[in-house]
Amino acid sequence: IEYKVPWSENIKLGYRLNRDASHTTYDRLSLILKNFPEINKKKVYDLGSGIGRFIVVGALSFPEAEFIGIEIIKPRVEACNKAIENLKIKNAHCIH
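Just so you know, these numbers come straight off a predicted model, no measurement behind them. (Residues numbered from 1 in each chain as written. Predicted model: local features only at pLDDT ≥ 70, side-chain atom pairs only at ≥ 80, totals over all residues. Heavy atoms only, no water.)

With that settled, the discussion passes to the pairing of strand S3 (residues 92-95). Going residue by residue along S3, you find Ala92 and Cys94 tucked away on one face and His93 and Ile95 left uncovered on the opposite face. Two elements, strand S2 (residues 66-70) and S3, share 4 bridges in a ladder whose sense is parallel. Note that in S3 the partner of Ile68 across the bridge is His93. Handedness of the crossover joining S2 and S3 through helix H3 (residues 74-86): right-handed. (Buried < 20%, exposed > 50% of the residue type's maximum accessible area, 1.4 Å probe, protein only. Helix = DSSP H or I, 4+ residues; strand = E, 2+ residues; numbered from the N terminus. Pairing = 2+ DSSP bridges. Right-handed = clockwise from strand over helix to strand, strands pointing away.)

So, in structure tokens, the structure goes:
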């Protein structure tokens, strides 16, 4: 199964990461997720979701699933939800 995801590495989620922080690229997340087609039609939680990279990629990759990010740092939650709104994603949200 091949999943085509509409983005480039230049997507800005609206929150600047620490320059020393390592993170997985959008393309890499997409490759990881495509190995789990059973995710579709499920509810997926991401604890410590940060700015929502995983739930944004997951929601775009699996439109039938619901992605919920849980993050304790409020500015990250706000950045995540703003990105979801800007990208018009209907199957994801982040909570504090």
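There's plenty left to go through after this.
Turning next to unusual backbone geometry. Working note: non-glycine residues mostly have negative phi, and peptide bonds are mostly trans. Phi at Lys88 is positive, roughly 60°, even though this residue is not glycine. Counting through the fold element by element, Lys88 comes out in the loop between H3 and S3.

Mapping Ile89 onto the fold places it in the loop between H3 and S3. On a C-alpha basis, the gap between Ile89 and Val56 in space is 7.8 Å, while along the polypeptide they are 33 residues apart. Setting aside residues no more than four positions away along its own chain, Ile89 makes contact with Val56, Ala59, Leu60 and Ile84. (Contact = heavy atoms within 4.5 Å.)

Before going further, it helps to spend a moment on the pairing of S2. By the bridge criterion, 5 bridges tie strand S1 (residues 43-47) to S2 in an arrangement that is parallel. Note that in S2 the partner of Val44 across the bridge is Phe67. Taken together, S1, helix H2 (residues 53-61) and S2 form a β-α-β motif whose crossover is right-handed.

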